[in-house]
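What follows is each chain in one-letter form.
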Amino acid sequence: MADKTSNQMWGGRFAAGPDAIMEAINASIWFDKRMAAQDIAGSKAHAAMLAATGIITDSDAAAMAKGLDSVLAEIDAGEFAFSAELEDIHMNVEARLKEVIGEPAGRLHTGRSRNDQVATDFKLWVRDQLDATEGALIALMRALLAQAGAGADWVMPGFTHLQVAQPVTWGHHMMAYVEMFARDLSRVRDARTRMNECPLGAAALAGTSFPIDRDMTAQALGFDRPSANSLDAVSDRDFALDFLGAASICAMHLSRMAEELVIWSSAQFRFVALSDRFSTGSSIMPQKKNPDAAELIRAKIGRIFGANVALMMVMKGLPLAYSKDMQEDKEQVFDAADNLMLALAAMEGMVRDMSANKDVLEAAAATGFSTATDLADWLVRVLNMPFREAHHVTGSLVALAEKKGCDLPDLALTDMQGVHSDISRDVFDVLGVHNSVASRVSYGGTAPVNVRAQVARWQEILE
Ligand code: ARG
């Protein structure tokens, strides 16, 4: 069918075919074939609209619909012969449609351009990905909720600067991540709402003189409305950047959690045991069980944020409307999407399978004078001391304990009274880690009663 000396899609204007290097730099088929299903859905909606508005005949539209279904079946079966000469998925599909149904295929491109076609296909693809991300985030949140519910009252050290700060509960720590991933979820949902306008019918850049019905195609493809400006419709990729932005922040959260799992699963911490299913061994050291999944999740932010930066750089400085630069949008987004899904699924699996070492956590919670703030608060509450003075007195008691090589609850009452004579035996009540966490009932605080309420709240929201 194709005359090799010219171009099979626009041979009219061209006397010679492209140089091999031109074809190599220009063709996007090897990656944009991932949008085949979206491209065919868009073409079917366009064909049905062309018939409904009387621009083509019903019988041509019927032939197109049937032919497009058979082309998709060939692609799904792996029987489609993709061609770099035909540049991209749009022209590969249209050329094959011509082979399958003949002349009517030539009428499919009436009132549209590859510019609105690619914007539509890519939006449909990103929209599917946002939906998949939403599902994966919810699954991860459920795994965290299960951990939080089981360990709502297990005590562990809370850290600042990775130095022991105050005791917190395991459930509270897990629920901190639930809050983070919930905001990621809301960013994903925001992006979906904002992007859901249909570019199809913007044509090359200026709209078309054919009496098309853009509401009809928008509705058929699940969009809320057609986009209102044809130049904008074909020339922005901010919807992909919204996705990459949300994906980057989510990957950052995943990376922080992964880092904690790496630290916590080390022999020095032993806060958690990761399951064999999400660990690997060493080829030389028989004792090793490495947290590779967590390490890889920790690193994924690099390529996901890299994709975000790369697409920003592609788009900056582009004059309206379409420029071929924009073909560089897809590989970045595909790679980021694949890796985000992998990272979310791996994190969900690790969280679901991991077991916290309750006793190790509790013992660690009592180290590092973690209840010093409770002691200072007691001095304020019971002795009516100004907090700054209480801070100072407590500091002296910590220094004393450090000198004696013991923890705060191990100091003798007489030693304490040597620092401040009004201190009474009651003070020992606030020096235990369980009392400490139980006392932190301020809204958002770590007390087990708060954790249980938050777990119940999120379980209801995620129902
Ligand atoms: N393969 C192209 C892309 O991904 C499709 C749009 C081509 N449009 C054009 N005017 N050359 O951006």
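Residues numbered from 1 in each chain as written. Predicted model: local features only at pLDDT ≥ 70, side-chain atom pairs only at ≥ 80, totals over all residues. Heavy atoms only, no water.

A.B. asks: Would you mind going over the overall build of the chain with me for this structure?
C.D. replies: In terms of helices and strands, the chain carries 18 helices and six strands. For a compact globule of 463 residues, the expected C-alpha radius of gyration is about 23 Å, and the chain comes in at 31 Å, more than 25% above that figure. Dimensions of the chain, computed from the C-alpha atoms along their principal axes, are close to 100 × 50 × 40 Å. Relative to its full complement of 463 residues, the chain shows a buried share of 49%. For the chain, restricting intrachain contacts to residue pairs at least 6 apart in sequence, the fraction spanning at least 24 positions comes to 75%. Summing over all exposed atoms, the chain offers an accessible surface of approximately 21700 Å²; the carbon and sulfur share of this is 54%. In the chain, 43 side chains carry a positive charge and 61 a negative one; their mean positions are 2 Å apart. (Helix = DSSP H or I, 4+ residues; strand = E, 2+ residues; numbered from the N terminus. Rg over C-alpha atoms; globule rule 2.2 N^0.38 Å. Buried < 20%, exposed > 50% of the residue type's maximum accessible area, 1.4 Å probe, protein only. Contact = heavy atoms within 4.5 Å. Areas by Shrake-Rupley, 256 points an atom, 1.4 Å probe, with all protein chains shown as cover. Lys, Arg positive; Asp, Glu negative; His and termini not counted. Charge placed at Lys NZ, Arg CZ, Asp CG, Glu CD.)

A.B. asks: Explanation requested: helix α5 (residues 89-101) in the structure shown.
C.D. replies: Taking 1.5 Å as the rise per residue, α5 with 13 residues should run 18 Å; its terminal C-alpha atoms sit 18 Å apart, in good agreement. Inspection of α5 places I89, H90, M91, N92, V93, E94, A95, L97 and I101 among the buried residues, and these make up the whole buried set. In the core, the buried residues of α5 are packed alongside α2 (29-32), α3 (36-52), α4 (58-76) and α6 (114-150). Trailing α5 by a residue or two, G102 shows a phi angle of about 75 degrees, which is positive. (Expected span 1.5 Å × (residues − 1).)

A.B. asks: Help me out: how do you make sense of unusual backbone geometry in this one?
C.D. replies: Leaving glycine out, the prevailing phi sign among residues is negative, and the prevailing peptide bond configuration is trans. Cis geometry marks the peptide bond from L320 to A321, where omega comes out at 5 degrees. Following the sequence through the fold, A321 ends up in the loop between α11 (292-315) and α12 (329-353). Here the phi dihedral of E87 falls at roughly 65 degrees; this positive angle occurs in a residue that is not glycine. Along the chain, E87 turns up in the loop between α4 and α5.

A.B. asks: Is there a simple way to explain the packing of aromatic side chains in this structure?
C.D. replies: One pair of aromatic rings is described through two measures. These are the centre distance and the angle between the planes. Per the stated rule, a full pass over the model turns up 10 aromatic pairs. Taking 6.4 Å as the distance between ring centres and 80 degrees as the angle between the ring planes, the aromatic pair formed by F122 and F334 counts as edge-to-face. Taken together, the residues span a long stretch of sequence, with F122 in helix α6 and F334 in helix α12 at a distance of 212 residues. By relative accessible area, which is 0% here, F122 ends up buried. Of the residues examined, F334 reaches a relative accessible area of 5% and is grouped as buried. (Phe/Tyr/Trp six-rings, centres within 6.5 Å; stacked < 30°, edge-to-face > 60°.)

A.B. asks: Explanation requested: the site of the ligand in the structure shown.
C.D. replies: Taken together, S28, D88, H90, R114, N115, V118, Y322, Q327 and K330 form the complete shell of residues around the ligand. For the ligand, a nitrogen atom lies 2.9 Å from a polar atom in the side chain of D88. In terms of residue count, α6 provides more of the shell around the ligand than any other element does, three residues in total. Split into classes, the residues belonging to the shell around the ligand amount to two nonpolar, four polar and three charged. (Near = heavy atom within 4 Å. Polar contact = N/O pair within 3.5 Å; in protein donor to acceptor, adjacent residues only side chain to side chain. Nonpolar A, V, L, I, M, F, W, Y, C, P; charged D, E, K, R; others polar.)

A.B. asks: Even after reading the chapter, I still don't get the environment of E362, so can you show me in this structure?
C.D. replies: Mapped onto the elements, E362 comes out in helix α13 (residues 358-365). Expressed as a C-alpha distance, the spacing of E362 and M156, which sit 206 residues apart in the sequence, is 5.3 Å. The contacts of E362, once residues within four sequence positions are left out, are V155 and H434.

A.B. asks: Sorry, what's going on with a nonpolar patch on the surface here?
C.D. replies: A cluster of nonpolar side chains, F305, V309, M312 and M313, forms an exposed patch at the surface whose accessible area comes to about 390 Å². Mapped onto the secondary structure, F305 falls in helix α11. Assessed through its relative accessible area of 44%, F305 is described here as partly exposed. (Patch = residues over 30% accessible without salt bridge, like charges linked within 9 Å, V, L, I, M, F, W, Y side chains within 5 Å. Salt bridge = Lys/Arg side-chain N within 4 Å of Asp/Glu carboxyl O.)

A.B. asks: Please explain α3 as it appears in this structure.
C.D. replies: Each full turn of the α-helix corresponds to 3.6 residues, which orients residues three or four apart in the same direction. Between its first and last C-alpha, α3 extends 24 Å over 17 residues, near the 24 Å set by a 1.5 Å rise per residue. Along α3, 12 of the 17 residues are buried, which leaves the element largely enclosed by surrounding structure. Within α3, the full set of buried residues consists of A36, Q38, D39, I40, G42, S43, A45, H46, A47, M49, L50 and A51. Where the residues of α3 are buried, they touch α2, α4, α5, α6 and α8 (214-220). Positive backbone phi, at 75 degrees, marks G54, one or two positions downstream of α3.

A.B. asks: I tried to follow the pairing of strand β1 (residues 155-160) on my own but got confused; where do I start?
C.D. replies: Here six bridges tie β1 to strand β2 (residues 163-169), and the two strands are oriented antiparallel to one another. By the bridge assignment, V155 is partnered in β2 with T169. In sequence, β1 turns back onto β2 through a hairpin of two residues, with H161 there showing a positive phi of about 55 degrees. (Pairing = 2+ DSSP bridges.)

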